[in-house]
Amino acid sequence: MNALAATRRNFEVTDLEPVLARSVTVLGSTGSIGVSTLDVVVHARKAYGEHAMPVEALTAQSNVDGLIKQAQAVRPKVAVIGDDSLYGRLKDGLGGTGIAVAAGRNAVIEAAARSSDTVMVAIMGAAALEPALAAVARNATVALANKECIVAAGAVFHRALANSTAAVIPVDSEHNAVFQVLNGEGAREVEKVTLTASGGPFRDWTLDQMAVCTVEQAVAHPNWSMGAKISVDSATLMNKGLELIEAHFLFGLPPEKLDVLVHPQSIVHCLVSYEDGSTLAHLSAPDMRTPIAHALAWPRRIASPSRRLDLAAVGQLTFRKPDHERFRCLGLAMDAMRIGRLAPTILNAANEIAVDAFLKKRIGFLDIPRVVEETLAESPEANTTADTLDGVLAADARARDRADDVCRRVVN
Ligand code: NAD
Ligand code: MG
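**Side note on the overall build of the protein chain**
Piece 1. When helices and strands are tallied, the protein chain shows 20 helices and 11 strands.
Piece 2. Its C-alpha atoms give the protein chain principal-axis dimensions of roughly 60 × 60 × 45 Å.
Piece 3. Long-range pairs, those at least 24 residues apart, make up 68% of the contacts in the protein chain between residues at least 6 apart in sequence.
Piece 4. Here the protein chain has roughly 17800 Å² of accessible surface; of this, 51% comes from carbon and sulfur atoms.
Piece 5. In the protein chain, the 41 positive side-chain charges and the 47 negative ones have mean positions that sit 3 Å from each other.

**What about the site of ligand 1?**
Piece 1. Lining the immediate surroundings of ligand 1 are 22 residues, of which Thr30, Ser32, Gln61, Glu148 and Gly227 lie closest.
Piece 2. Measuring from an oxygen atom of ligand 1, one finds a backbone N or O atom of glycine 28 at 3.2 Å.
Piece 3. With the chains in place, 87% of the 820 Å² that ligand 1 exposes on its own is no longer accessible.
Piece 4. Residues of the shell around ligand 1, tallied by class, amount to 10 nonpolar, eight polar and four charged.

**Some details on the coordination of the magnesium ion (ligand 2)**
Piece 1. Bound to the magnesium ion (ligand 2) on the protein side are Asp172 (OD), Glu174 (OE) and Glu243 (OE), at distances that span 2.1 to 2.2 Å.
Piece 2. On the primary sequence, the residues serving as donors to the magnesium ion (ligand 2) are separated as D-x1-E-x68-E. In this pair, glutamate 174 sits in helix α10 (residues 173-182) while glutamate 243 sits in helix α14 (residues 238-251), placing the two residues 69 residues apart along the sequence. As far as the burial class goes, glutamate 174 and glutamate 243 line up, both buried.

**Examining the nonpolar core**
Piece 1. With 136 residues, the main nonpolar core has Met120, Phe157 and Leu347 as its most contacted residues.
Piece 2. When residues of this core are assigned to their parent elements, the largest contribution, 10 residues, is made by helix α18 (residues 343-359).
Piece 3. Dropping the residues within four chain positions of it, methionine 120 is found in contact with Thr25, Val26, Leu27, Ile33, Thr37, Ala143, Ala145, Val171, Ile292 and Leu296.

**Re the packing of α10 against α14**
Piece 1. In the contact formed by α10 and α14, the axes pass within 10 Å of each other and the chain directions differ by 35 degrees. Along this stretch, α10 crosses α14, giving a crossing that reads as right-handed. Here Glu174, His175, Val178, Phe179 and Leu182 of α10 come into contact with α14, specifically with Lys240, Glu243, Glu246, Ala247, Leu250 and Phe251.
Piece 2. The residue inventory of the contact of α10 with α14, partitioned by class, reads six nonpolar, one polar and four charged.

**Describing the pairing of strand β1 (residues 24-27)**
Piece 1. Side-chain alternation along β1 places Val24 and Val26 on one buried face and Thr25 and Leu27 on a second face that is also buried.
Piece 2. Where β1 meets strand β2 (residues 55-60), four bridges bridge the pair, whose relative direction is parallel. Across the sheet, residue valine 24 finds its bridge partner in β2, namely valine 55.
Piece 3. Crossover handedness for the path β1 to helix α3 (residues 32-48) to β2: right-handed.

The rules we used
Every chain begins its residue count from 1, and numbering advances along the sequence as written. Numbering of ligands from 1 and lettering of chains from A proceed in the order in which they are written. Totals for whole chains, interfaces and linings use all residues, but because this is a predicted model, local features are given only for residues with pLDDT of at least 70 and pairs of side-chain atoms are given and counted only at 80 or more. Note that the side-chain values use all heavy atoms of the structure and ignore hydrogens as well as water. To qualify as a helix, a DSSP run of H or I must reach at least 4 residues; to qualify as a strand, a run of E must reach at least 2; elements of each kind are numbered from the N terminus. Any pair of residues with heavy atoms lying within 4.5 Å of one another is described as a contacting pair. Using a 1.4 Å probe, accessible areas were evaluated by the Shrake-Rupley method; residue-level cover was limited to the displayed protein chains. The charge count includes Lys and Arg as positive and Asp and Glu as negative, but it does not include His or the ends of the chains. The location of each charge is read from NZ of Lys, CZ of Arg, CG of Asp or CD of Glu. What makes a residue near a molecule or strand is one non-hydrogen atom of that residue sitting within 4 Å of it. Polar contacts here mean pairs of N or O atoms no more than 3.5 Å apart (in protein, one a potential hydrogen donor and the other a potential acceptor; neighbouring residues in sequence count only if both atoms are side-chain atoms). When residue character is reported, Ala, Val, Leu, Ile, Met, Phe, Trp, Tyr, Cys and Pro are called nonpolar, Asp, Glu, Lys and Arg charged, and the others, Gly included, polar. Distances decide who is a donor: an N, O or S atom must be within 2.8 Å of the metal, or within 3.2 Å for Na, K and Ca. Water is not included, so sites may look incomplete. Only protein chains enter the accessibility calculation, which uses a 1.4 Å probe; a residue whose area is less than 20% of its type maximum is buried, one above 50% is exposed, and one in between is partly exposed. Throughout, nonpolar core names a set of buried Ala, Val, Leu, Ile, Met, Phe, Trp, Tyr and Cys residues whose side chains join them through atoms within 4.5 Å. Each axis is a line fitted through C-alpha atoms, taken for helices only over the stretch in contact, and angles between the N-to-C directions span 0 to 180 degrees. In this scheme the crossing of two helices becomes right-handed for a clockwise turn of the near helix relative to the far one and left-handed for an anticlockwise turn of less than a right angle. When DSSP finds at least two bridges between two strands, those strands are taken to pair. Looking down the strands as they point away from you, a crossover is right-handed if its path from the first strand over the helix to the second goes clockwise.

As structure tokens, then:
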């Protein structure tokens, strides 16, 4: 047998049973990533049998009817609603099913701490931080879709990982793509990692047009269907800025080895360039069920219901540099990544407040970078460090208050 054949044999998937027997908890199951995750689970059960991918726990914040329907369909051991005023409705909705119910912030964290093999972290925003850390603390495999928690608390997250045997499998499409390309090898010989960005709905808009855009226009992403917050982040390019910081922490890459290219078709998700001049890319149709299926089955692969890539139909793949003048959030995030310390925490908190204010029509679209920039400028602790979770949460809370004040100021 030649060397190539031997290598190929090692990559053959012969026994999926251990992968299919893994139990899964989905935090944020009613969101865009949560729904796609359950789609992958249901598909696996159809393809491999009803026993595949038992669900330990589902959590949602306020969509109690959606949570009830999901629980009836995939039969978790427990369903948790974050908003505790909805406990009665959840209990009634799942009465007689044998599925346990719970409510409140602590119950969400406890759901992450229950013994499942894999925890999909699909909660939106820095609210995912404590549940994600609870999963890391009990050595779970953490399928990490949420990026805000690692941006807000990269160092704390790293320390928690160093003290556990938990594995983090990135689900964010670009990071999952880098993870697949690196294939378990370190990033030492890597010269550059390039994350691609679709450019969002305002890719070709002028600043004057963006100044008067509506919420509906900002959340109408051309290639991906996502939650409202990440859709606005994609429109400002803050999403790509957060992703650079996410890649910095996940792969241990210094800021100067990280780059962004605008790629409107969202087919190539990353480019990894090596010292010898080789560049490896990862391609797929823009469908989150592909990285989700990869993360749930890693290091094997399972069948997924995701759209397949048809390059002949796509026709052309194009690339260009991002425009920092029209999309200032990208530069603000890059600056925060270079400063490090608490700057990414404050950047993220200010952005969450600004995006929420924009979605509630309190501020305009171009006020988002203003709020982030002014909050950072008014936060001297951006240059200081916080070694503990409490320290990070306190800095996050202060930045949110400050950003709220700035929001009030920019509209007056
Ligand atoms: P979403 O808004 O559609 O869903 C968020 C989920 O989190 C919901 O189930 C909601 O009930 C829950 N949630 C919201 N606030 C919560 C809180 N305070 N406590 C507990 N639960 C809460 O968001 P999404 O688009 O699915 O994104 C989820 C995460 O995944 C985000 O961090 C996002 O950046 C990341 N991500 C999403 C995509 C995508 O395609 N949607 C791609 C890459 C990364
Ligand atoms: Mg992404």
